[in-house]
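Here is what each chain is made of, one letter per residue.
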Amino acid sequence: MVLSKALEAHVESFISRLKRRQIVGSYEVAKETAIILRQVVSTTRWSDATVLIQIIKDLGRRLSAAQPKELAVGNIVRRVLKIIKEVVRGELETDDIMNSGTSEESDDGFSDDDEEDNEEDSDREFKSILAQDTNDNADHTNDAIPARPKLQTESSMFNLLVDQHSDNVDYSAKSYGMKPLIIQEINEEIIADLETVYKGIADQALEHIHANEVIMTIGYSRTVKDFLTKAALKRNFQVIVAETSPTLQGQEMAAALAAVGIETTVITDSAVYAVMSRVNKVVIGAHAVLANGGLVAVTGSQMVAAAAKHHATPVLVCTALYKLSPLFPYDIDLFNVCVTPDQVLSFSEGTLIDKADVQNPYYDFVAPEFVNLFVHNLGSAPPSYVYRLINDNYDSEDTIL
Amino acid sequence: MIHSGADSPIFVMATEIEKQADSAPLDPKLFNAVECYHRFLQDPDMSTPVATFKVFTEFIRCSQAPTMTEFLETLRQVGETIQDASIYDSNEWKSLNNSRTRNPHKATIATLAGIHLFNQFVRRNSSDFTELEDLKATLLNGSARILEKAASARERVAETGAQFVHDNAVILVHSYSRTVMNVLQYAANVQNKRFKVYVTEGRPTSDGLVAVSELQASGIPCAAVLDSAVGFILDKVDMIFVGAEGVVENGGIINQIGTYQIALVAKALSKPVYAIAESYKFVRLYPLNQYDLPSIVPDIVSFSTRRKSSSNALDLGENHSVDLAMSNPSVDYTPPQYLTLLLTDLGVLTPSGVSDELIKLYL
């Protein structure tokens, strides 16, 4: 066993919670995955990066096998792998090692979220004192949306022509001092990034929502809620929420929106098409975004998107970058899951249940042609641009863990 | 390899020489370029851009050009010669249609892709060297590496493409394509997936029948359908796989005639169309319509006289199918909006991803 005993216990508990679907929602899953991986980097014994990459890959495979529908697990694992490779290639400034002492604290036990924040803050303060704040990632705290990542010039097609030597980095080289740097990068690039995604998306709300518009949404998504709430600070608009049977997440969403003073209407799912002609924009959240620009979202999303397409109503999808998965929808049912049919037809109605087959799919797959724009935490992109965001975020060799 | 007349490639060369006679003298080794190109193409597993690349490598190896300028000039001439040969071959292919032997020479666009790739490769390197011998050594080294990569491209395409095949799938394949065959065989024999395949006949070459026998040999249940039955059969089909002779800048493909209409029918019935191609087939072309391709403009595009066409229609003699092949295009262009995804050795690409790759390559 490569993992320490405490860590192994943590991993096991995470896996069983994933399997039992006690932990659902890509944000929670992503966050816990990132914390576990950071602990792996800090507490396991590894002498060179090859070993570490292998450990992370093995663990990543275990975690994503536990719940293949939670694509965020794999996404975070791929991000961590990319960070490790970048650190080894020396692409990140090495002088950061000097101030990374603070992030070593995370070695002890399972720090909860509050601790994370403090740690992040202290880390950042320390850096600014040293006036070494050259790292672009520190920009996440600012209001400004960071510039779009540059066009990556590394791909095998390009490598056909250029010299290959730069590609063969020796990951097995012993390098003392890589560990704190990797931990720091995980803290800044991934964990701190997770904290700011909602804000990053909500900050763009005013660009997309205008006065007196009618917005339709479905399901409960914190991203969409924050997005609309932020817009409501400045603009007056109306929101129509489909109730999202059988989970009735839509009702929950409507209550939350009404609580912040937005004029909200709840409709049944079957009325979506009827009211679509009055809607100016559809704003939905996503569970995961696939590499072709399609998305896995709460059940009913496809129906809303299809109705919107019929009326040529723009469909906006609010999604954080960690939901972007480099996988393709090889089969549209692959990422769906059927949950207990209890909410559709209660088990107390046993006589009927015996005779009818009751299905309750939890997600919907929405094809890229139904989406007009993805609003993510660093900007916005049409579905045809998603592949590029994926190239910027992950290493193509990690697509299959 | 089959030639209608042994002198024809030389004829191509002769005009070339006349054209160049008053400028720089040609390298004697250049005379072998076409012969060399044909020799490489005799290998049935050799793809056209790779063969083109190999001709260049061969040429560099025996080039005796004394100066850098002459070397680059002769290199350019080799490119033109091969291009001419491939256009000539695509004519020849039609006249030999009766023999029912598959002729891999028809790929004019693929040859162009190979030539572009090599020219870019030379351009990237030529500015770094002042000594000709150094440049030649670097080019030879580099191209050996590129050929090595290219050799494994089809395998990687097969791995990428086979992910999209699922159990109980029904797949429609257009005519014969080596890459598509590889994908299907990989899915069936390596991943042990069970699926059925319909193959269109692919007139006028009827290459689809070859594909059927090959698939049957590898134990994949398959059936040939008429090109005109695509609309009829498509309701039963889950996805469509097509190969590509060339992938153009906007993500569209140039492929055997009939691909475009299959893609149109598939779009109407919302079936996914996957184009399968190796990345060395990406070519820097931007066709605006079907007739905007650097290949033979067939007679069918221009109207023949009434008398001629009626005599064509009535002619049921031996040469009938030859006439048909001669007067019809061998490739068509499928615009990107009709393709779902491109499955390549670089991974899965959306059509818009192709231009990105090409920009990286040629910028």
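Note: the structure precedes this text.
Just so it is clear, the structure is predicted and the values come from calculations on it, not from any experiment.

Asks: Looking at this model, I keep getting lost on the packing of aromatic side chains. Mind explaining?
Replies: Two numbers describe a pair of aromatic rings. These are the distance of the centres and the angle of the planes. Following the criterion strictly, the structure yields 12 aromatic pairs over all chains and no others. Pairing phenylalanine 53 of chain B with phenylalanine 121 of chain B gives two aromatic rings, centres 6.1 Å apart and planes at 40°, and the pair type is tilted. Here phenylalanine 121 of chain B lies in helix α5 (residues 108-126) and phenylalanine 53 of chain B lies in helix α3 (residues 48-62), a separation of 68 residues in the sequence. Classification of phenylalanine 121 of chain B as buried rests on a relative accessible area of 2%. Each residue in the set Phe328 and Tyr330 of chain A together with Phe164, Phe241 and Tyr274 of chain B is aromatic and connected to the rest through ring pairs, giving one cluster. Over the ring of tyrosine 362 of chain A we find arginine 21 of chain A; its NZ or CZ atom is 5.1 Å from the centre of that ring. Over the ring of phenylalanine 40 of chain B we find arginine 39 of chain B; its NZ or CZ atom is 5.6 Å from the centre of that ring.

Asks: Would you mind going over the side chain of threonine 179 of chain B with me for this structure?
Replies: All names here are of chain B. When you line up the elements, threonine 179 lands in helix α7 (residues 178-190). Judged by its relative accessible area of 2%, threonine 179 is buried. In this structure the side chain of threonine 179 is engaged in a polar contact, spanning 3.0 Å, whose partner is the side chain of serine 177. When sequence neighbours within four positions are dropped, the list of residues in contact with threonine 179 reads Arg154, Val157, Ile276, Glu278 and Lys281.

Asks: I'm lost on the nonpolar core in this one. Help?
Replies: General note: in soluble globular proteins, nonpolar side chains tend to be found buried as a group. Ranked by size, the top nonpolar core spans 77 residues in total, and within it Met216 and Leu295 of chain A together with Leu184, Phe195 and Phe241 of chain B carry the most contacts. In terms of residues, this core owes the most to one element, α7 of chain B, which gives 6 residues. Ignoring anything within four residues of it in the chain, the contact list for phenylalanine 195 of chain B reads Val165, His166, Ala169, Ile171, Leu184, Ala187, Ala188, Ile220 and Pro221 of chain B. Core analysis: the second largest hydrophobic core is formed by 68 residues, Ile191, Ala231, Leu257 and Val283 of chain A among them.

Asks: In this structure, what is going on with helix α4 (residues 71-89) of chain A? I would like to understand it.
Replies: For an α-helix the count is 3.6 residues per turn, leaving residues at separations of three or four pointing the same way. Residues and elements named next belong to chain A. For α4, which comprises 19 residues, the first-to-last C-alpha distance of 27 Å matches the rise-based estimate of 27 Å (1.5 Å per residue) to within 8%. When you tally the buried positions in α4, you get 18 out of 19 residues, the bulk of the element. One or two steps after α4, the chain reaches glycine 90, where phi turns positive at roughly 75°.

Asks: What's the story with helix α6 (residues 132-162) of chain B in this structure? I'm lost.
Replies: Spanning 31 residues, α6 of chain B covers 45 Å between terminal C-alpha atoms, matching the ideal 45 Å at 1.5 Å per step. Of all the bends found along α6 of chain B, the most pronounced is centred on alanine 153 of chain B and spans about 35°.

Asks: Mind showing me how you'd approach the side chain of glutamate 278 of chain B here?
Replies: As for its position among the elements, glutamate 278 of chain B is in the loop between β7 (273-276) and α11 (306-314). With sequence-adjacent residues up to four places away left out, glutamate 278 of chain B is seen in contact with Ala153, Arg154, Val157, Thr179 and Asp345 of chain B.

Asks: I'm lost on the packing of helix α2 (residues 33-41) of chain B against α3 of chain B in this one. Help?
Replies: Relative placement of two packed helices is described by the angle separating their axes and the distance separating the axes. All names here are of chain B. It is at 9 Å that the axes of α2 and α3 come closest, and there the two elements cross at 135°. Classified by the angle between their axes, α2 and α3 sit oblique to one another. The interaxial crossing formed by α2 with α3 has right-handed handedness. Across from Ala33, Cys36, Tyr37, Arg39, Phe40 and Leu41 in α2, the residues of α3 making contact are Thr48, Ala51, Thr52, Lys54, Val55 and Glu58. Of the residues in the contact of α2 with α3, the class split is 7 nonpolar, 2 polar and 3 charged.

Asks: Mind showing me how you'd approach unusual backbone geometry here?
Replies: Most peptide bonds take the trans configuration, and most residues that are not glycine carry a negative phi. Cis geometry marks the peptide bond from serine 245 of chain A to proline 246 of chain A, where omega comes out at 5°. A positive phi is found at alanine 312 of chain A, a non-glycine position, where the angle reads about 55°. Looking at the secondary structure, you find alanine 312 of chain A in the loop between α12 (301-310) and β7 (315-318). Accessibility expressed as a relative area gives 67% for alanine 312 of chain A, which makes it exposed. With a phi angle near 65°, asparagine 168 of chain B is a residue other than glycine that sits in the positive phi range. Among the secondary structure elements, asparagine 168 of chain B is positioned in the loop between α6 and β1 (169-173). Judged by its relative accessible area of 66%, asparagine 168 of chain B is exposed.

Asks: Whenever I open this one, the pattern of salt bridges confuses me. Can you help?
Replies: Considering all chains together, one arrives at 23 salt bridges over all chains under this definition. Residue lysine 199 of chain A is joined to aspartate 203 of chain A by a salt bridge in which the shortest nitrogen-to-oxygen separation is 3.3 Å. We note a salt bridge from arginine 154 of chain B to glutamate 278 of chain B, for which the minimum N-O separation is 2.9 Å. With arginine 154 of chain B in helix α6 and glutamate 278 of chain B in the loop between β7 and α11, this pair connects stretches of sequence that are 124 residues apart.

Asks: Please explain the sheet that holds β7 of chain A as it appears in this structure.
Replies: Two modes of strand pairing occur in sheets, parallel and antiparallel, and in both the strands are linked by backbone hydrogen bonds. Residues and elements named next belong to chain A. Sheet architecture is open: 7 strands sit in the order β3-β2-β1-β4-β7-β9-β10, paired in mixed fashion. Two strands close off the open sheet at either side, each with one partner strand: β3 (263-267) and β10 (379-381). Averaged over all pairs of adjacent strands, the angle between their axes in this sheet comes to 25°, without regard to strand direction. For strand β1 (residues 214-218) and strand β2 (residues 238-242), the ladder comprises 5 bridges, and the chain directions are parallel. Opposite valine 214, over in β2, you have glutamine 238 as the bridge partner. Each of β1, β2 and β3 is contacted by helix α10 (residues 249-259), which is oriented at about 160° to β2, the strand it contacts most.

Asks: Is there a simple way to think about the environment of valine 197 of chain B in this case?
Replies: All names here are of chain B. Tracing the backbone shows valine 197 in strand β2 (residues 195-200). Using a relative accessible area of 2% as the deciding quantity, one classes valine 197 as buried. Taking the C-alpha atoms as reference points, valine 197 and valine 230, 33 residues apart in sequence, are found 13 Å from one another.

Definitions and cut-offs
Residues numbered from 1 in each chain as written. Chains lettered and ligands numbered in written order. Predicted model: local features only at pLDDT ≥ 70, side-chain atom pairs only at ≥ 80, totals over all residues. Heavy atoms only, no water. Phe/Tyr/Trp six-rings, centres within 6.5 Å; stacked < 30°, edge-to-face > 60°. Helix = DSSP H or I, 4+ residues; strand = E, 2+ residues; numbered from the N terminus. Buried < 20%, exposed > 50% of the residue type's maximum accessible area, 1.4 Å probe, protein only. Lys NZ or Arg CZ within 6 Å of the ring centre and 35° of its normal. Polar contact = N/O pair within 3.5 Å; in protein donor to acceptor, adjacent residues only side chain to side chain. Contact = heavy atoms within 4.5 Å. Core = buried A, V, L, I, M, F, W, Y, C linked by side-chain atoms within 4.5 Å. Expected span 1.5 Å × (residues − 1). Bend = angle between axes of the 7 residues up to and from the residue. Axes fitted to C-alpha atoms, helices over the stretch in contact; angles between N-to-C directions. Parallel < 35°, antiparallel > 145°, perpendicular 65-115°, else oblique. Left-handed = near helix turned anticlockwise from the far one by under 90°. Nonpolar A, V, L, I, M, F, W, Y, C, P; charged D, E, K, R; others polar. Salt bridge = Lys/Arg side-chain N within 4 Å of Asp/Glu carboxyl O. Pairing = 2+ DSSP bridges.

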